[in-house]
Amino acid sequence: MFGWQRTADLKLLSKSASFELPSHIFSKIDQVNQVRRACQGCIPRPASYRRNAVGKSPRRSLSKLPGFKAYTPGHIQLERQRRNSVSSHTMAGTNPTSLTDAVVAAMRTLFPEELADKAWDNTGLLLGQAPSSKGASQTGGTVLLTNDLTSAVVDEALKEGAQMIVCYHPVIFRPLKSLTTEDPMQTLLLRLAAERISVYCPHTAMDAASGGLNDWLCDILLDGEGQVNRTVVQPISRPLPEGHQGTGYGRTVELSRPVTLQTILRRLSAGLGNLRYMMVAVPPTLADLSRTQGISKIAVCAGSGSDVLKDTDAEVLVTGEMAHHYALRHTQLGQIVVTVFHSNSERKYLETRLKPMLEVELETTPYGNARVIVSKADRDPFEVIDVRHLS
């Protein structure tokens with residue numbers, strides 16, 4: 001998490017965010033895993049939830065809960081130094097034996113697999129690394145980050161000499177009865193297995209985690225301005241690891257002052273890599289986008305937000321894609337829906353957040369000099385074309 005200190009952009013985000021942690025946590029730091037857990041808390045935490053008699057999930061701002069206090073970037077830097085000092089005394093005997101082991105441990109620290117929606121999702125280490133006939137592997141290596149696994153991404157991984165791929169979307173969704181070259185994805189997995197390249201997929205664990213994809217989308221929309229409250233749209237009700245209680249899928253953010261729809265769209269475009277095109281569904285009473293009233297509450301869901309955002313009362317809903325009838329219903333309720341294509345709502349996170357976070361997690365392992373790179377071949381499968389320009 002302390003990788004936010006690495007770039008000017010991340011410094012700006014950290015200064016604008018609310019850093020909050022349980023006040024007792026630092027007094028108990030005597031092992032590396034506890035320090036790492038504290039690191040995770042430096043991301044703005046979602047609200048805590050408590051079920052009431054009718055099964056609703058009242059949203060409570062973390063800043064209003066007892067036992068929490070804010071931490072400045074200065075506190076974060078101090079805690080990083082403290083963590084490195086503790087790590088040098090406690091890592092003996094716990095070092096990972098391969099780059100794959102080190103990255104898996106780091107990803108599970110940042111985005112615990114217990115946060116994933118196991119009812120349908122498939123997360124974790126989905127392709128392991130075959131044993132080497134040459135003995136123990138050397139330290140260092142290359143990790144490639146990508147949103148999707150395609151033939152172009154595999155070619156890139158081989159060219160870059162990657163030993164591991166962190167692929168946001170799962171490369172295996174359903175049980176396999178065979179692995180053949182008749183299926184495109186299976187062909188890619190066979191190519192990677194032959195080159196001893198492992199694949200880890202975090203998917204909905206990264207969506208739900210504090211400081212994950214949806215919190216990042218909120219930060220983009222805030223653009224350095226203050227927030228009144230940030231809450232989880234669909235909290236996870238099952239027991240979660242310590243430090244992750246109260247998190248879940250989707251976010252709503254209430255702005256400290258209203259902004260126009262044009263401002264929201266411009267912020268979103270800049271944060272997602274200067275996107276030129278978006279799709280906007282507006283209420284039938286709104287004929288001119290330039291005449292929207294000030295917007296104070298926005299809901300976000302990376303990827304496909306149809307189900308997660310279906311009951312939100314936010315004025316604007318931001319997601320990657322939304323089914324036709326869901327979008328139509330929201331517009332009839334007077335809400336505005338903004339979609340940017342599925343993977344466009346996710347991809348830039350790998351560069352701006354995941355890369356520095358993973359680099360910092362690896363610093364205290366024998367693989368601290370590993371190269372973490374973001375795929376240049378990864379891209380959304382859709383393009384918007386103007387048929388008038390077709391030859």
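Nothing here was measured: the structure is a model prediction, and the numbers come from that model.

Asks: Please provide a residue-by-residue account of the environment of aspartate 215, values included.
Replies: Structurally, aspartate 215 can be placed in helix 8 (residues 213-222). Since its relative accessible area comes to 1%, aspartate 215 is described here as buried. For aspartate 215 and arginine 230, which are 15 residues apart along the polypeptide, the C-alpha to C-alpha distance reads 8.9 Å.

Asks: Please give an account of the nonpolar core that cites residues and values.
Replies: Formed by 68 residues in total, the largest nonpolar core has its most connected members in Val103, Met107, Phe111, Ile298, Val316, Leu354 and Leu358. Discounting chain neighbours no more than four positions away, the residues touching isoleucine 298 are Leu221, Arg251, Thr252, Val253, Leu255, Ile264, Ala314, Val316 and Val318. Ala157, Ala162, Val171 and Ile197 belong to the second-largest nonpolar core, a separate cluster that totals 19 residues.

Asks: Summarise unusual backbone geometry; cite the residues concerned and give the values.
Replies: It is generally the case that most residues other than glycine have a negative phi and that most peptide bonds are trans. The backbone phi angle of asparagine 274 is positive, close to 60 degrees, even though this residue is not glycine. With respect to the secondary-structure elements, asparagine 274 resides in the loop between helix 9 (261-271) and strand 11 (279-281). Phi at phenylalanine 341 is positive, roughly 80 degrees, even though this residue is not glycine. Looking at the element boundaries, phenylalanine 341 is found in the loop between strand 14 (336-339) and helix 11 (347-362).

Asks: Quick rundown of helix 5 (residues 151-160)? Include the residues and the values.
Replies: Of the positions making up helix 5, those classed as buried are Val153, Val154, Glu156 and Ala157. Viewed along the axis of helix 5, the buried residues span an arc of 160 degrees, placing them on a single side of the element. As for helix 5, its buried residues are in contact with strand 6 (142-146), strand 7 (164-167), helix 6 (184-194) and strand 15 (371-374). Phi for glycine 161, located one or two positions after helix 5, is positive at around 70 degrees.

Asks: Account for the side chain of histidine 169, with residues named and values stated.
Replies: Along the polypeptide, histidine 169 turns up in the loop between strand 7 and helix 6. The buried category is assigned to histidine 169, whose relative accessible area is 13%.

Asks: I'd love a proper account of the packing of aromatic side chains, names of residues and values included.
Replies: Within this structure, the stated rule accounts for 3 aromatic pairs. On the basis of an interplanar angle of 25 degrees and a centroid distance of 6.4 Å, the ring pair of tryptophan 120 and phenylalanine 173 is categorised as stacked. With tryptophan 120 in the loop between helix 4 (99-110) and strand 5 (124-127) and phenylalanine 173 in the loop between strand 7 and helix 6, this pair connects stretches of sequence that are 53 residues apart. A relative accessible area of 46% places tryptophan 120 in the partly exposed class.

Asks: Residue-level account of the sheet that holds strand 12 (residues 295-304), with values.
Replies: Spatial strand order, 9-10-12-13-14-11: 6 strands in an open sheet with mixed pairing. Two strands close off the open sheet at either side, each with one partner strand: strand 9 (227-235) and strand 11. Taking the axes of each pair of neighbouring strands and ignoring which way they run, one obtains an average angle of 20 degrees across the sheet. Sheet topology places strand 12 next to strand 13 (residues 316-321); 5 bridges connect them, and they run parallel. When the bridges of strand 13 are listed, cysteine 301 appears paired with threonine 319. Strand contacts of helix 8: strand 9, strand 10 (248-259), strand 12 and strand 13, with the helix running at about 140 degrees to strand 12, the strand carrying the most contacts. Sitting on the sheet, helix 9 is in contact with strand 10, strand 11, strand 12, strand 13 and strand 14, with an inclination near 130 degrees to strand 10.

Asks: So, the confidence of the model for the protein chain: which residues are in play, and what are the values?
Replies: The predicted model of the protein chain averages 80 in pLDDT, with 75% of residues at 70 or higher. Low pLDDT (under 50) marks residues 1-80, which in the prediction has 155 contacts with non-local residues, meaning those over four places away or in another chain. The model gives residues 86-93 a pLDDT under 50, and that stretch makes 10 contacts with residues more than four places away or in other chains.

Asks: Describe in detail the state of the cysteines, supporting the description with residues and values.
Replies: Within the structure shown, the criterion is met by 0 disulfides. You can see cysteine 201 has no disulfide; the closest cysteine sulfur is in cysteine 167, sitting 4.9 Å from it. Classification of cysteine 201 as buried rests on a relative accessible area of 0%.

Asks: Talk me through a nonpolar patch on the surface; I want residue IDs and the actual numbers.
Replies: Taken together, the side chains of Ile385, Val387 and Leu390 define a hydrophobic patch exposed on the protein surface, amounting to about 320 Å² of accessible area. Examined against the element boundaries, leucine 390 turns out to sit in the segment after strand 15.

Asks: Requested: an account of the pairing of strand 13, with residues and values cited.
Replies: For strand 13, the buried fraction is high: 5 of the 6 residues fall into the buried class. One ladder, built from 4 bridges, connects strand 13 with strand 14; its direction is parallel. Across the sheet, residue valine 318 finds its bridge partner in strand 14, namely valine 338. Regarding topology, helix 10 (residues 324-332) serves as the crossover connection from strand 13 to the parallel strand 14, and that connection is right-handed.

Asks: Explain the pairing of strand 10 residue by residue, including any values.
Replies: Strand direction decides the pairing type here: strand 9 and strand 10, joined by 7 bridges, are antiparallel. Pairing of glutamine 234 across the sheet is with tyrosine 249, part of strand 10. Of the pairings in the sheet, the one linking strand 10 to strand 12 comprises 5 bridges and is antiparallel in character. If you follow arginine 251 over to strand 12, its bridge partner there is valine 300.

Thresholds applied
- Residues numbered from 1 in each chain as written.
- Predicted model: local features only at pLDDT ≥ 70, side-chain atom pairs only at ≥ 80, totals over all residues.
- Heavy atoms only, no water.
- Helix = DSSP H or I, 4+ residues; strand = E, 2+ residues; numbered from the N terminus.
- Buried < 20%, exposed > 50% of the residue type's maximum accessible area, 1.4 Å probe, protein only.
- Core = buried A, V, L, I, M, F, W, Y, C linked by side-chain atoms within 4.5 Å.
- Contact = heavy atoms within 4.5 Å.
- Arc of directions from axis to C-beta.
- Phe/Tyr/Trp six-rings, centres within 6.5 Å; stacked < 30°, edge-to-face > 60°.
- Pairing = 2+ DSSP bridges.
- Axes fitted to C-alpha atoms, helices over the stretch in contact; angles between N-to-C directions.
- pLDDT = per-residue confidence, 0-100.
- Disulfide = S-S within 2.5 Å.
- Patch = residues over 30% accessible without salt bridge, like charges linked within 9 Å, V, L, I, M, F, W, Y side chains within 5 Å.
- Areas by Shrake-Rupley, 256 points an atom, 1.4 Å probe, with all protein chains shown as cover.
- Salt bridge = Lys/Arg side-chain N within 4 Å of Asp/Glu carboxyl O.
- Right-handed = clockwise from strand over helix to strand, strands pointing away.

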